[in-house]
Amino acid sequence: MTRILLSDKLDNCVERWRSAGMTVIGPVQGESISRYAVVENGAGFDFGMILPDRSVKELFFPQTEPMLRYTIKKSEIDTADFPPPQEKRIIFGARACDASGLAIDDSLFGWDYKDDFWFHRRNESVIVTIACTKADDFCMCTSLDLAPDSTKGCDVLLRPLENNRGWQVEEITDRGREAFAVIADLLQESSDQAAPTAVVTEKFNLDACVTWLQNPENFDSKFWKEISMRCIGCASCTYLCPTCHCFDIQDEGDTYSGIRRKNWDSCSFALFTMHTSGHNPRSTQSARWRQRIMHKFNYFPGKFSVNSCSGCGRCSRQCPVDMGITETLQEISKLQS
Ligand code: SF4
Ligand code: SF4
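Note that this is a predicted model, so its numbers are computed, not measured.

**Quick word on the domain arrangement of the protein**
- Examined at the domain level, the protein breaks down into domain 1 (2–70 + 82–190) and domain 2 (206–336).
- Taking the mean C-alpha position of each, domain 1 and domain 2 sit 26 Å from one another.
- On the domain 2 side, the residues contacting the 30 residues of domain 1 number 28 residues.
- Elements that contribute at least two residues to the side of domain 1 that touches domain 2 include exactly β4 (64–72) and α2 (96–109).

**Focus on the sheet that holds strand β6 (residues 88–94)**
- Here we have eight strands laid out as an open sheet, ordered β3-β2-β6-β7-β8-β9-β1-β10, and mixed in their pairing. The two strands at the open ends of the sheet, each matched to only one other strand, are β3 (34–38) and β10 (188–190). Taking the axes of each pair of neighbouring strands and ignoring which way they run, one obtains an average angle of 30° across the sheet.
- Here α2 sits on the sheet in contact with β6 and β7 (125–130), set at roughly 145° to β7.

**Some details on the pairing of strand β12 (residues 257–264)**
- Looking at chain direction, β4 and β12 are connected through seven bridges and run antiparallel. Across the sheet, the residue bridging to L68 is R260, located in β12.
- Bridging between strand β11 (residues 247–253) and β12 involves seven bridges; their strand directions are antiparallel. Across the sheet, residue Q250 finds its bridge partner in β12, namely R261.

Conventions and cut-offs
Residues numbered from 1 in each chain as written. Chains lettered and ligands numbered in written order. Predicted model: local features only at pLDDT ≥ 70, side-chain atom pairs only at ≥ 80, totals over all residues. Domains from an automatic or database assignment. Contact = placed C-beta atoms within 7 Å. Helix = DSSP H or I, 4+ residues; strand = E, 2+ residues; numbered from the N terminus. Pairing = 2+ DSSP bridges. Axes fitted to C-alpha atoms, helices over the stretch in contact; angles between N-to-C directions.

Written out as structure tokens, the structure reads:
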């Protein structure tokens, strides 16, 4: 016997969590794009999609965020910080690759400087992952040592029931237990079986890829130019990625006052590394694509012992010229074998 939550109790759950002061967020299908967004009742969720077009990242690391307000006076500068948001949230129906992406980026945002905005949101958010029972050809979590029912980064794991009536409930963290204590009487013991998790075939040999990437001789390989020829540098792959985290800090204002903001940036853009002198150390799209791959599977794991990729497949799924990390790693696997 395990505890289950029936789907027809979802309305009550949303009501309880909202009454307990939490904002309830879930996968929502918009007119042109799907994303994790606020829902007001059970009917607001869309659990049918493989995963939302946009990742959960933007709920923790928004596209743009004010950091401080400044005023320049005759002999001093006044500054006032924007405080991190205080909102308590439950994200119900995250995919395992999105939840894992948050855990991966914890190392980055807590490394040389602890990013209060990121960690405040992380500490005030409960992540409820729903294990995947279907996948598409772009999904590749298993190639990254993850799985459709990975508990990495999540507080509660739900497994869809075979009869589609609801979910088995597995509380993972104290934060998850606390959130589910609010709806404890809506759960019930049951012997209903969980549906099998999605079968995600391994797309490439990650160890072989890493060995190839770590070989200094391959840094200038003609492979990079050939594989990235189609890339138009639009940055969709980085913006939709749950683990890409590049940002730029800019002051917006006039001569005397303004707001300092943190804005998303992307290694796919030529301006990203452009020096004031006009020199650009990554002057070609192939050098920028090489950087993206090297960063995710060589430099980042070298520093934080984890790949900067959770295998969601969005970069390949959404690329306007049909490129992506899967294809690149598949080709590297072949070069190394
Ligand atoms: S790989 Fe595709 S999505 Fe990424 S920058 Fe290039 S064209 Fe855009
Ligand atoms: S690199 Fe691609 S597959 Fe990996 S997490 Fe980012 S978008 Fe998903």
